[in-house]
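Structural characterization, general
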Amino acid sequence: MHPVPIVTLKSSGRRFPVAPGETVLEAAQRAGVALPYSCRAGVCGSCKATLLEGRCEYPRNPPLALDAGALAHHAVLPCQAVPCGDLLLEAREVASVEDIARRQLGVVVADKWRLATDVIGLRLLPDRGERRLRRLPGQYLDVLLEDGRRRPFSIANGPQRDGSIELHVRHVAGGGFTSWVNDVLKVGDRLRVEGPLGTFVPREDSERPMIFMAGGTGFAPVKAIVEHFIALGTRRPMRLYWGARSAADLYLRALAERWAREVPNLTFHAVVSHPELADGLRTGLVHEAVLADQPDLSGHDLYMSGPPAMIDAARPLFLAAGLSEDRLYYDSFEYAPDVLAQIIAGRAGIHDLPLP
């Protein structure tokens, strides 16, 4: 009988066993060790670690987020990596989320409103007899569907006394669940959710200036984190960039503009990618606007959330601009399993598919 593989984290010296067929991330979570992650599908790369000793394989999904250069530097993706024996990893840990257990609960739709032509706002409350969800700003939850599928949504508000959870749901053409939310779901309906998930949370152990970059409904978790720092009364400079296809897609622009007026250390930059839809706003790609304003990122912390295409384009450029990888925090929207299957099968590219 083969011994159970043991993963050792070099920085902290923490060790945990990995059950047969289990990924490093799953084993870490079972052991109460919080490693960074977002998509859980091998696509976004936010969980990336360095393999110092040992060997692993990827029996579930290929490590799409690792290019040849990353593989040459022994990078691995714990969310998909299954150990072939003991491993020694250089990996970041997110201590702030370690003592928050994820769980399932029933929720009731307390409010539903239209944020934009294709974005619905939802306010969910714990169902009768349910405890409120313990969580941190920036985390997300899975809506559990009856057929066993899941749909992830970032939580757009920080923890509330009444346990309320705010979601921003974009209606994706051809998306069964988001169409149901848009057309059928009503106040009083019940849902089953699981959370909190993700490690896109505020880091308070720094005095560096912060840059926040959101794409589309990636504004949801950024909103929660920005509101957290505003409530703390932080004096750290905060620059918020929000990119969208059109001015109308910046569905809470008035809120961001109010922050910029009322919070002395916060500036807001709206960026629209289609000039003909800009309505006088700055045009271009949002990550290019960040770099134009701040070509040297070496002294910053940077939070970004949005479509994988935005994350993929921005990440290497931000690192090339001097941003330290351990001060780049990002939330890349997760693909639904059926969409991911198309990517793996080669029927579509990562940048070609709609978000779930």
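Here, the structure is the one placed above.
About the thresholds
- Residues numbered from 1 in each chain as written.
- Predicted model: local features only at pLDDT ≥ 70, side-chain atom pairs only at ≥ 80, totals over all residues.
- Heavy atoms only, no water.
- Helix = DSSP H or I, 4+ residues; strand = E, 2+ residues; numbered from the N terminus.
- Rg over C-alpha atoms; globule rule 2.2 N^0.38 Å.
- Contact = heavy atoms within 4.5 Å.
- Areas by Shrake-Rupley, 256 points an atom, 1.4 Å probe, with all protein chains shown as cover.
- Lys, Arg positive; Asp, Glu negative; His and termini not counted.
- Charge placed at Lys NZ, Arg CZ, Asp CG, Glu CD.
- Pairing = 2+ DSSP bridges.
- Salt bridge = Lys/Arg side-chain N within 4 Å of Asp/Glu carboxyl O.
- Buried < 20%, exposed > 50% of the residue type's maximum accessible area, 1.4 Å probe, protein only.
- Core = buried A, V, L, I, M, F, W, Y, C linked by side-chain atoms within 4.5 Å.
- 1 Å grid on protein atoms, 1.4 Å probe; cavity = no way out; pocket = protein on both sides within 12 Å on 5 of 7 lines; lining within 4 Å.
- Points joined across faces, edges and corners; volume = space filled by probe spheres on them.
- Nonpolar A, V, L, I, M, F, W, Y, C, P; charged D, E, K, R; others polar.

1. Examining the overall build of the chain
- Helices and strands together make up the secondary structure of the chain, namely eight helices and 19 strands.
- Rg of the C-alpha trace for the chain: 20 Å, near the compact-globule value of 21 Å for 356 residues, within the 12% margin.
- Overall size of the chain, expressed as C-alpha extent along the three principal axes, is 65 × 50 × 45 Å.
- Long-range pairs, those at least 24 residues apart, make up 69% of the contacts in the chain with a sequence separation of at least 6.
- Of the accessible surface of the chain, which amounts to about 16,000 Å², a share of 51% is contributed by carbon and sulfur atoms.
- Between the mean site of the 41 positive side-chain charges and the mean site of the 42 negative ones, the chain shows a separation of 4 Å.

2. Digging into the pairing of strand β7 (residues 87–90)
- Here strand β1 (residues 6–9) runs beside β7; their pairing, made up of three bridges, is parallel. Directly across from V7, in β7, lies its bridge partner L87.
- Both strand β3 (residues 49–53) and β7 contribute to a ladder of three bridges, which runs antiparallel. Note that in β7 the partner of T50 across the bridge is E90.

3. Focus: the pattern of salt bridges
- Going through the model one piece at a time under the given rule, you end up with 25 salt bridges.
- Residue E98 is joined to R14 by a salt bridge in which the shortest nitrogen-to-oxygen separation is 2.7 Å. Residue E98 is found in the loop between β7 and β8 (103–116), and its partner R14 is found in the loop between β1 and β2 (15–17); the two are separated by 84 residues along the sequence.
- Overall, the relative accessible area of 30% leaves R14 in the partly exposed class.

4. What about the environment of G218?
- Along the chain, G218 turns up in the loop between β14 (210–215) and α4 (219–232).
- Overall, the relative accessible area of 0% leaves G218 in the buried class.
- With 111 residues separating them in the primary sequence, G218 and Y329 have C-alpha atoms 13 Å apart.

5. Thoughts on unusual backbone geometry
- With omega at -5°, the peptide bond leading from G195 into P196 counts as cis.
- Although it is not a glycine, R40 adopts a positive phi angle of roughly 60°.
- Note on placement: R40 falls in the loop between α1 (24–30) and β3.

6. Examining the nonpolar core
- Within the largest apolar cluster, 32 residues are counted, with the highest numbers of intra-cluster contacts made by F212, F219, L240, W242, Y251, W259 and Y303.
- Of all elements in the fold, only β8, β14, α4, β15 (238–244), α5 (253–262) and β16 (266–272) reach the threshold of two or more residues within this core.
- When residues in this core are grouped by element, the largest group, five residues, is from α4.
- In this structure, L9, A70, L77 and A81 belong to the second largest nonpolar core, which totals 27 residues.

7. Observations regarding empty space enclosed by the protein
- Tallying each qualifying case throughout the model produces three cavities of 30 Å³ or more.
- As for the second largest cavity, its lining consists of P36, Y37, S38, S46, R92, T199, F200, R203, L328, Y329 and Y330.
- Looking at the lining of the second largest cavity residue by residue, the classes come out as six nonpolar, three polar and two charged.

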